[in-house]
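# Summary of structural features
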4 protein chains.
Amino acid sequence: MSGNTIGRSFCVTTFGESHGPALGAIVDGCPPGLELSEEDIQADLELRRTGTSRHTSQRQEPDRVRILSGVFEGRTTGTAIGLHIDNVDARSRDYDTIKDRFRPGHADYAYQQKYGFRDYRGGGRSSARITVATVAAGAVARKYLREKSGIEVTGWLSQVGPHRLGCVDLASARGNPFFCADPDKLPLLEDFLRQLRRDGDSAGARVSVCARGVPPGLGEPMFDRLDADIAFAMMGINAAKAVEIGDGVEVAGQRGSEHRDELLPTGFASNHSGGTLGGISSGQDLIAHVSFKPTSSIQVPGRTVDVEGAPAEIVTTGRHDPCVGLRAVPIVEAMLLIVLMDHVLRHRAQCADVDSPTPLITR
Amino acid sequence: MSGNTIGRSFCVTTFGESHGPALGAIVDGCPPGLELSEEDIQADLELRRTGTSRHTSQRQEPDRVRILSGVFEGRTTGTAIGLHIDNVDARSRDYDTIKDRFRPGHADYAYQQKYGFRDYRGGGRSSARITVATVAAGAVARKYLREKSGIEVTGWLSQVGPHRLGCVDLASARGNPFFCADPDKLPLLEDFLRQLRRDGDSAGARVSVCARGVPPGLGEPMFDRLDADIAFAMMGINAAKAVEIGDGVEVAGQRGSEHRDELLPTGFASNHSGGTLGGISSGQDLIAHVSFKPTSSIQVPGRTVDVEGAPAEIVTTGRHDPCVGLRAVPIVEAMLLIVLMDHVLRHRAQCADVDSPTPLITR
Amino acid sequence: MSGNTIGRSFCVTTFGESHGPALGAIVDGCPPGLELSEEDIQADLELRRTGTSRHTSQRQEPDRVRILSGVFEGRTTGTAIGLHIDNVDARSRDYDTIKDRFRPGHADYAYQQKYGFRDYRGGGRSSARITVATVAAGAVARKYLREKSGIEVTGWLSQVGPHRLGCVDLASARGNPFFCADPDKLPLLEDFLRQLRRDGDSAGARVSVCARGVPPGLGEPMFDRLDADIAFAMMGINAAKAVEIGDGVEVAGQRGSEHRDELLPTGFASNHSGGTLGGISSGQDLIAHVSFKPTSSIQVPGRTVDVEGAPAEIVTTGRHDPCVGLRAVPIVEAMLLIVLMDHVLRHRAQCADVDSPTPLITR
Amino acid sequence: MSGNTIGRSFCVTTFGESHGPALGAIVDGCPPGLELSEEDIQADLELRRTGTSRHTSQRQEPDRVRILSGVFEGRTTGTAIGLHIDNVDARSRDYDTIKDRFRPGHADYAYQQKYGFRDYRGGGRSSARITVATVAAGAVARKYLREKSGIEVTGWLSQVGPHRLGCVDLASARGNPFFCADPDKLPLLEDFLRQLRRDGDSAGARVSVCARGVPPGLGEPMFDRLDADIAFAMMGINAAKAVEIGDGVEVAGQRGSEHRDELLPTGFASNHSGGTLGGISSGQDLIAHVSFKPTSSIQVPGRTVDVEGAPAEIVTTGRHDPCVGLRAVPIVEAMLLIVLMDHVLRHRAQCADVDSPTPLITR
C-alpha cells in the first residue's frame, strides 16, 4: 500500500532509513517553470540538520541534496523531481546491543510484530532521520507557495517540558537553535536542557506553525478538509501525539459566544478557529500546534522484553536528541507546506473558474 | 478531487446535504460473506439520531437506512454496498434569514469564497447532518471487526465545557443521552445544559474513544501511520479542532522516563502512548480524544457581513444542538471503525504471510 | 480496495446490480456553477436504454435518474453529486436455472472463486446493467466539457461480426438504433441481426469514438497518460477485449515514414496517432476503438460445470442482447467523457499558469 | 498529480530522464521477508539493455542498479524500496539540432504545449530510457510472484512490420536478441531489419505476453478489473497504440458459440478470453498483446514546425532503435508483473478468508 506517499495533486513519495546508504524523495505534480536549485532546498535542510548545537544529536550529516530529475536549465519541467541525500555518518555498531531487545517507547516491538523482523540499526525506517527527505520535498513547496501564491509558513517552539513559550517575535525563531520566538526565555531553555542531559533523561515539546497569505477556499468539505489533511500530515511526524488547529483542545471549555469569530468588513474580529471554517481555509492566518512526546532513547535504565519475549533491561546509548521537539520545527513547516501546496493545486483543479461576488474580508 | 472518499482498501464515499432529499454512502472493499442486515446498521444510526433527548436538535429524522446493493441473501457479496437514508424533516424556510449573510463560526464564508455560491439551507454539505452516512458506513466496519477480528470500539464524553468527565464505567456510556461514562456527573451535566439553553449559548466538548482487541501491526511507517489516519478521520468531523492519541497534549510536559511504556512479558507496564508505536498499533488499547468547538449557531446576536461584504447582525434560529459534542460519540466511533477496518485489510494485503518469532505480550 | 471508483480529480464511484432495487453513482469533484438538471442526464440514459429496438434486450427499464445532492437552484455546488436510478423490471425467476452452474463466457466462475459465492441474478455486479450509472455520470462530464471546454464526444459502430462499417456521416449515428454512421449498411445490419436471432447466436462488435476540441496538453508523461487512462476506462466496460488509439493494431505493420504525423503551421498532416503524442493530447481529434466480444448468453447449448465442479449443460434463457456492441456506444462515450473531464481538471491543477510561446497548430 | 505512480497496494513511483544524472524507482508495499539482491534485479535489466545487438540503439548503458533502502540482511523489510540507476552514456550534444523544432511522432509538441517548455535532450521524461526504472521495479514483483505465488510471466515478439511471428517455442524467446519464439523466422527478421536500417526507416511491432499460474479471482468487478489495469499499464508504455486481451480485436468478428470458453471439470475447453472473465482472472493463462508504433526518429527527412510555429524540416540523428518493439518485451513483462503483484495483494486484502466450495478447474 502506498504508505510512503503524501498528497493527491502534489505528491511526495520518500524512501530511506537511518543507516542505509541514502534517503530521497520523488516530488510529483510540481507545476512547470518554477526556478529551483539545489541551494533552494539546501536552505531548509540546514534548518533541521543535527550536530549544529550541543542540544541535538551529535551525528554529523552534511545532508547535501542532489536533484536527479525534473529540473532543466534551472526550472522545473513539470515531470517527477528526484531528490537524493546520502547518509555519511551512520554508526551501525552502536546498535548491536539493541538488536535482540525492544526499546520501550520506540517502534521496535510494533515493527517486529508487523513485519516479522526489523532493521534495528537506528530504528531503520522509523528513525527521525527519514524526515530529511520530507524537508527536502517541503522546500520545493515553499519555493512555489512563496513565489506564486504569496504564502509564507513559519514555525516556532511553543513549549518544552513544563515551560510554555510565547510567540513574542516570530522572526527571531530562525535566530536560535531552539526555534524559540520568545527571546527572554532562551536562558531558561539552556538551563532546562543542561539539566536534562545531566539527568540522562528527555523532555516533550510542542511546536506551533503559522501560514500567512493563505487564500480562502482551500480544502474540501467532507473528508479531505484542509484541517484533516494537516492533522494527517502532522500526526505522521515521528513522536507526534496531538494536533491542534487554532485554539485546539481549549475549545472544549469554550462557549459559542466566545469561540465564534465574528466577521467585519475589515476582517475577522478574532482567530479562535485557526484559519479554517468547515475544514476550508477562511483567509485568516492558519495556525496549528503539534505535541511531541519525549525521546524514548534515554540513559535511565528501563524494563523491556527481548525478541523471544523474555524480560530484559535496556539503557540506550547511541547519539540522540534529548528533546526531539527542538528540531521538529522545520519538519512541521515542511508538512504544512506540502499540504498547502497540494490543496492549492486541488482547489485550482476544481474551482479555477470561480468568481465569488463576495469581496475578500482578509488580505 | 475525491474529497468525499475515505480509506484505501475499505473505502467509504458519501453524498448528501442537510436539506436535500437523501443522503448515502458507497462502501467499497468490504470482504464477502459478512452477514449484514439493515437492522445491523440501524442500531448505530439510532445512537446519533436527533430529537431523542431535549439536549439535542429537535429535528425529527427517522434515519431509516436502505441497503441498495452489495448484499445478497443476507451476506455481503464483496461488491459495492450502496446505503441510502431519506431526509424527511428538513425545514428550509428556517434558513431564509441567513441566505444573504454569513453565520460566524460556520463554513458559510469559506464555502462562498471557494465555490462562488452556496447551499445555505442548513449548511448544505457542511452540516453535521451528513455524518449520518458516515455512521451507516461505520456500522458495516463495526460488524466485521467485531465478528472477524475481535475488535470493539467504544466512545464516551470526557468533557463538556469546563467539566471533565471520567471513564468510570465505560459500559454505562450507552445508557444515557450524553454518552457519559461517569454516572455521578449526570446531574451536573443536566444542570449545565439547562443553564446553557437559558443563556441561548453553546459549549464545547471532548470525546474519547477506545478500541480493544486491536492486534499489533496495523498502520504503515511513513505517512499512512495508524495514528495519522485516525487524526485525519477525526479532524474531518464537523467542529473538531484537536485530535490526541494516548496522553495527547500532555506529552509535551512529560519526561522520557515517565512517558515510555515499559514492556513486560505479561504486557506493557502502562499506556501513555495510546496504543501506537512509530505509528503502528502495539496491541494495547487504542485511545484517542477529539475536542469539539461549541456550536456557532446560538441565540446571542453576533456581528457578521453579508454576501456583498457589508456589515450585518445575525441571530441564529432554526433547530440546533447546544453542544455538538453530545452527539459526536457515534461519529467518533464510526470514524475509528472505518480507519481500523481499512488498516486491517491493508495490513493483510502486505503482511498476510508474516509469522513473527516474538510472542504477543498483549492479549 | 476502491475498485468502484474511476478518476482522480473528477471521481465517479458507482454501486448497484442487475436485480437490486437501484443503481447509482457519486460524482465527486465537479466544478461548481455548472447548470445541471435531471433532463440533462436523462438524455444520455435514453441512448443506452434497452427495449427500444427489437435488436436489444426486451427488459423495460425507464432509467429515470434522480439527483439527490450536489445541485442547488439548478447549479452544481461543487460538492458530491448523488445520482440514483431505480430498477423496476428485474425478473429474478429467470435465473433460477443458472443458480448452480456457471455460464461459459460469463464472470460466474471467476466471481465464485474470488468471493466464495455470487449474486447469480442477472450476473449481479457483472451485468451490463450497471453501466447505467456510468452513463449518468458521463452525462455530467459531457455537460461540462461541451459548455466550458468546447469538447464534443461522439461514438459510432465500426464493426458488427464480419461487417466493417465506415464513418461516412458521423451525425447520422444518433439517428438509428445501431449508432451506425454508414447509412448504406443499415439494411445489411438488419439482415445480419435477424439471422443471428434465428440462429440463437450472438456476434461481436467494434465501437469507435472521437473527441473533438480537445486542447493539447491533457495527460501525464509516465503512467497516467491520457491514452493509458482511456485504455483503462474502455477495457473496464463489460465484454471489451481490445482498446486501440488511432491506427491501433495497424501500427505494428507500419513504417515510421508512414506513421509519424508531420506538423505543418496549419496543423498535422495526418492523424495516425489518434490525437496523443507521448501519452499527451496533441490537439488533434482523439480517436479510440473498442472491440467487444459476442454475448455469451445464447440459446446454443454449451458445456459447463456446476458449483461443485461436476459437468453440466447450459442453455441461456432470460432477456439478452444478441450483440452487446450495439448498445455500447453511449457507454464508450461516457467513459471517454469521464477520462477527459478528469484530465482537464488534472491539467488545470498542475499547469493552469502555463503560457507556451508556441502557437497552437490545431483548433 | 501522481502521474508517476502505478499500483494501489504494490505501488511503483519512478523518476528520471534520458539525459539526467540518474533514474530510479520507489517500490512501496512489497511484503516483508522476500530475499532480494541487486543481482535479482540486474537480470531483468540486462534483458532490456541497449547496445547489446546491432539492431538496437548503440547507447552503452551498464544499467547497474543499487538498492538504497527497504532491504536488510538480504530480505525486504516491508518498507519503501529505493532503486537507483545512473545514466552514464548520455550525449546531449546530439540533440542541439532538435532543440528548437518538434520531431514528428514524438511527444515534443505535446510537452511544449502542456508545460510551456521541455527538456529536449533525448526526449527527457518521454524517452524510452525511463523504462529502465519500470523494469527494475518489475523485477521485484517477478521475484515475489515466482517464489510466493507460482506465477511466471514471459513475453515474446509476435509481429515485426508485416511479419507475424508464432509462439512455437516460448522458452527460446530468451535466447535471441529479438525475443522471437518462432526460431525459423530468425533469418527473415535479420534480413528485414538490415533492409530497414539501409532505408533509414523504422517498423512497428507487436509483443505478446503470457502469465502462467495466475489463480482465479484477481481483479475487481467495476473499474479496477484485472484486464483494465493491464490495459492501463501496457498503453502507458512508450509507443504503445493498442492493447488486446486474449483474442483481442478478433472478437469483434466472432460468434458467441465460437468465443465463449466452455468449462469442463478438467479445465476450460479453450482460451479465447485470455484468462479473464468479467475482468477477473479465471485461472487460465493470462494472455495480452501490445502493438507498438514504428520509431519516429528516422533518417528520412520530414516536415515539422519550430517552437515559434514556422515550418521546418527535420532529419533525426542520435542513436535510436529502428524497431522499439524489439526491446519492449522486458518492459511489457515488467508492467504485467507490477499489475499482477498489485492485484495479488489487493485480492488478499479483501478476500483472504474466502473459501470457495467450488473446486479449481485449472491448475
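Since this is a predicted model, take the numbers as computed values, not measurements.

## Observations concerning the overall build of chain A
- Looking only at helices and strands, chain A features seven helices and 18 strands.
- In terms of overall dimensions, chain A has a C-alpha envelope of 65 × 50 × 40 Å along the principal axes.
- Taking all 363 residues of chain A together, the buried fraction comes to 71%.
- Taking as baseline every contact in chain A between residues at least 6 positions apart, the subset at least 24 positions apart corresponds to 70%.
- Taken as a whole, chain A presents about 10400 Å² of accessible surface, with 47% of it coming from carbon and sulfur.
- Averaging the coordinates of the 41 positive side-chain charges in chain A and doing the same for the 46 negative ones gives two points 3 Å apart.

## Things to note about the relation of the copies chain C and chain A
- Note on the identical chains: chain C maps onto chain A by a rotation of 180° and an axial translation of 0.0 Å, with an RMSD of 0.0 Å. What the rotation and shift describe, once combined, is the action of a two-fold rotation axis. Minimal C-alpha distance to the rotation axis in chain C is attained by A349(C), lying at 2.1 Å.
- The residues that chain C uses at the interface reappear at the interface of chain A in 100% of cases, marking a shared surface.

## Let's talk about the packing of helix α1 (residues 38–48) of chain C against helix α3 (residues 131–149) of chain C
Residue and element names in this part refer to chain C.
- With their axes 8 Å apart at the nearest point, α1 and α3 run at an angle of 135° to one another. Judged on the interaxial angle alone, α3 and α1 are oblique. In terms of crossing hand, the pair formed by α1 and α3 is right-handed. The residues of α3 that touch α1, namely those facing D40, I41, D44, L45 and R48, are T131, V132, V135, A136, A139, V140, R142 and K143.
- Each residue belonging to the contact of α1 with α3 can be placed in one class, and the counts come to seven nonpolar, one polar and five charged.

## Some remarks on the packing of helix α3 (residues 131–149) of chain D against helix α7 (residues 329–351) of chain D
Residues and elements named next belong to chain D.
- As a packed pair, α3 and α7 sit with axes 7 Å apart at the nearest point and diverge in direction by 50°. Relative to α7, the element α3 lies oblique. Where α3 crosses over α7, the handedness of that crossing is left-handed. Between α3 and α7, the contacting residues are T131, T134, V135, A137, G138, A141, R142, Y144, L145 and S149 on the first element and P330, I331, E333, A334, M335, L337, I338, L340, M341, V344 and R348 on the second.
- Along the lines of polarity and charge, the residues of the contact of α3 with α7 split into 14 nonpolar, four polar and three charged.

## A word on the packing of aromatic side chains
- Under the counting rule described, the total for this entry stands at 18 aromatic pairs over all chains.
- For the pair Y120(A) and F72(D), a centre-to-centre distance of 5.3 Å together with 85° between the ring planes defines the contact as edge-to-face. Remark: F72(D) occurs in strand β5 (residues 71–72) and Y120(A) occurs in the loop between α2 (108–115) and α3 (131–149); the pair is interchain, linking two chains.
- For Y120(A), a relative accessible area of 11% puts it in the buried group.
- F72(D) gets classed as buried once you look at its relative accessible area, which sits at 6%.
- Seen from their ring centres, F102(D) and Y109(D) are 5.6 Å apart, and the 80° between their planes marks the pair as edge-to-face.

## Here's the deal with the interface of chain C and chain A
- Every contact between the two is made by 18 residues of chain C and, on the other side, 18 residues of chain A.
- Taken together, the two surfaces of chain C and chain A that pack against each other cover about 1300 Å², and 49% of this comes from carbon and sulfur.
- The three residues of chain C that bury the most area against chain A are R348(C), A349(C) and Q350(C), which together make up 43% of that side's buried surface.
- Linking chain C with chain A are two salt bridges.
- Here R348(C) makes a salt bridge to D353(A), at a shortest N to O gap of 3.1 Å.
- In terms of residues, the side of chain C that touches chain A owes the most to one element, helix α7 (residues 329–351) of chain C, which gives five residues.
- For the side of chain C that touches chain A, a count of residues per class yields 11 nonpolar, five polar and two charged.

## Description of unusual backbone geometry
Residues and elements named next belong to chain B.
- Positive phi outside glycine occurs at E73, with the angle close to 50°.
- Mapped onto the secondary structure, E73 falls in the loop between β5 (71–72) and β6 (75–76).
- Given the relative accessible area of 56%, E73 is considered exposed.

## Remarks on the interface of chain A and chain B
- Listed as interface residues are 120 residues of chain A and, on the opposing side, 120 residues of chain B.
- Carbon and sulfur atoms supply 61% of the area buried between chain A and chain B, which totals about 9700 Å² over both sides.
- Looking at the side of chain A facing chain B, the largest losses of area belong to K114(A), F223(A) and R260(A), adding up to 9% of the total buried there.
- Where chain A touches chain B, the interface holds six salt bridges.
- Between R255(B) and D199(A) there is a salt bridge whose closest N-O contact spans 2.9 Å.
- Taken together, the connections running from chain A to chain B amount to 55 residue pairs in polar contact (both at pLDDT 80 or more).
- Top element by residues in the side of chain A that touches chain B is α2(A). It accounts for seven residues.
- Classifying every residue of the side of chain A that touches chain B gives 56 nonpolar, 42 polar and 22 charged.
- One ladder, built from three bridges, connects strand β11 (residues 240–245) of chain A with strand β11 (residues 240–245) of chain B; its direction is antiparallel. Bridged to V243(A) within β11(B) is V243(B).

## Considering the confidence of the model for chain A
- Of all residues in chain A, 97% attain a pLDDT of 70 or more, and the chain-wide mean is 94.
- Taken together, the chains of this predicted complex give a pTM of 0.97 and an interface ipTM of 0.97.

## Examining the pairing of strand β2 (residues 11–15) of chain B
Residue and element names in this part refer to chain B.
- Summarising burial for β2: five of the five residues are buried, a large majority.
- Across the two faces of β2 the burial is the same, with C11, T13 and F15 and V12 and T14 all buried.
- Across two bridges, the pairing between strand β1 (residues 5–6) and β2 is antiparallel. If you follow I6 over to β2, its bridge partner there is V12.
- Once β2 ends, the chain turns through six residues before running back antiparallel as strand β3 (residues 22–28), passing G16 with a positive phi of about 125°.

## Comments concerning the pairing of strand β18 (residues 311–314) of chain A
Residues and elements named next belong to chain A.
- Residues A312 and I314 of β18 are buried on one face, while the alternating residues P311 and E313, pointing to the opposite face, are not.
- Strand direction decides the pairing type here: strand β17 (residues 302–305) and β18, joined by four bridges, are antiparallel. In the sheet register, T304 faces β18, and the bridge partner there is A312.
- Hairpin remark: β17 followed by β18, antiparallel, with five residues in the connecting loop; positive phi at G309, about 90°.

## Some points on the sheet that holds strand β8 (residues 152–160) of chain A
- Across the sheet, 10 strands lie side by side as β9(A)-β8(A)-β10(A)-β16(A)-β11(A)-β11(B)-β16(B)-β10(B)-β8(B)-β9(B); this open sheet has antiparallel pairing. Looking along the sheet, the strands with just one partner apiece sit at the ends: β9 (163–164) of chain A together with β9 (163–164) of chain B.
- With two bridges connecting them, strand β8 (residues 152–160) of chain B and β9(B) associate as antiparallel partners. Considered in β9(B), the bridge of V160(B) is made with H163(B).
- Sitting on the sheet, helix α7 (residues 329–351) of chain A touches β8, β10 (205–212) and β16 (286–292) of chain A, and the angle it makes with β8(A) is about 140°.

## Here's the deal with the environment of L277(B)
- By secondary structure assignment, the location of L277(B) is in strand β14 (residues 276–277).
- Between the C-alpha atoms of L277(B) and L226(B), which are 51 residues apart in sequence, the distance is 9.5 Å.
- When residues no more than four places from it in sequence are discounted, the contact partners of L277(B) are G105(A), H106(A), A107(A), A110(A), F268(B) and S282(B).

## Concerning the nonpolar core
- Formed by 329 residues in total, the largest nonpolar core has its most connected members in L340(A), L340(B), L340(C) and L340(D).
- Beyond its immediate sequence surroundings of up to four residues, L340(D) is in contact with L145(D), I151(D), V153(D), A211(D), V214(D), L218(D), L226(D) and L286(D).

## Points about α3(C)
- Between its terminal C-alpha atoms α3(C) stretches 25 Å, which fits the 27 Å expected from 19 residues at 1.5 Å a residue.
- Backbone geometry just after α3(C) places G150(C) at a positive phi near 70°.

## Some thoughts on the relation of the copies chain A and chain B
- Superposing chain A onto chain B takes a rotation of 180° combined with a translation of 0.0 Å along the rotation axis, leaving an RMSD of 0.0 Å.
- A shared interface surface links the copies, since 100% of the contact residues of chain A are contact residues in chain B too.

## Digging into the environment of L145(C)
All names here are of chain C.
- Structurally, L145 can be placed in helix α3.
- A C-alpha to C-alpha distance of 43 Å links L145 and K99, two positions 46 residues apart in sequence.
- In contact with L145, not counting residues within four places along its chain, are G150, I151, L337, L340, M341 and V344.

## Some points on the state of the cysteines
- In this structure the tally under the stated criterion is zero disulfides over all chains.
- C30(B) forms no disulfide, and the closest cysteine sulfur to it belongs to C351(D), at a distance of 10 Å.

About the criteria used
- Throughout this description, residue numbers start from 1 for each chain and increase along the sequence as written.
- For this description, chains carry letters from A and ligands carry numbers from 1, given in the order in which they are written.
- Totals for whole chains, interfaces and linings use every residue, but because this is a predicted model, local features are given only for residues with pLDDT of at least 70 and side-chain atom pairs only at 80 or more, for both listing and counting.
- Side-chain metrics rest on all non-hydrogen atoms present in the structure, leaving aside hydrogens and water.
- Counting from the N terminus, the helices are DSSP H or I runs at least four residues long and the strands are E runs at least two residues long.
- Three exposure classes are used, based on accessible area relative to the maximum for each residue type with a 1.4 Å probe and protein chains only: buried under 20%, partly exposed in between, and exposed over 50%.
- A contact between two residues is defined here by any heavy atoms of the two lying within 4.5 Å.
- Where accessible areas are quoted, they stem from the Shrake-Rupley method and a 1.4 Å probe; at the residue level, only the protein chains shown are allowed to cover.
- Asp and Glu are treated as the negative residues and Lys and Arg as the positive ones, with His and the ends of the chain left uncounted.
- To locate a charge, take atom NZ for lysine, CZ for arginine, CG for aspartate or CD for glutamate.
- Overlaid copies result from least-squares superposition on C-alpha atoms, with residues included only where pLDDT is at least 70 in both.
- Angles shown run from 0 to 180 degrees and are taken between the N-to-C directions of axes, each axis being a line fitted to C-alpha atoms and, for helices, limited to the stretch in contact.
- Reported orientations rely on four angle classes, namely roughly parallel under 35 degrees, roughly antiparallel over 145, roughly perpendicular from 65 to 115, and oblique for the rest.
- Helix crossings get a hand from a simple test, with the near helix turned counterclockwise from the far one by less than a right angle marking a left-handed crossing and a clockwise turn marking a right-handed one.
- Only Asp, Glu, Lys and Arg are considered charged in this grouping, and only Ala, Val, Leu, Ile, Met, Phe, Trp, Tyr, Cys and Pro are considered nonpolar; every other residue, Gly among them, is considered polar.
- A pair of Phe, Tyr and Trp rings is counted when the ring centres sit within 6.5 Å of each other, with Trp represented by its six-membered ring. The angle between the planes then sorts it: under 30 degrees is stacked, over 60 is edge-to-face, the rest tilted.
- Buried area is calculated as the accessible area (1.4 Å probe) missing from two parts once they are joined, with the contributions of both summed.
- Basic side-chain nitrogens of Lys or Arg form a salt bridge, by our definition, when they fall within 4 Å of a carboxyl oxygen of Asp or Glu.
- The term polar contact refers here to a pair of N or O atoms within 3.5 Å; inside protein, the definition further demands a hydrogen-donor-capable atom paired with an acceptor-capable atom, and it admits residues adjacent in sequence only when both atoms are side-chain atoms.
- Strands are labelled as partners when DSSP assigns at least two bridges between them.
- What pLDDT expresses is the predictor's confidence in each residue, scored from 0 to 100.
- Working definition of a nonpolar core: buried Ala, Val, Leu, Ile, Met, Phe, Trp, Tyr and Cys residues. They are joined through side-chain atoms within 4.5 Å.
- Here the expected span of a helix is defined as 1.5 Å times the quantity of residues minus one.
- The disulfide definition used here is simple: a pair of cysteine sulfur atoms within 2.5 Å.

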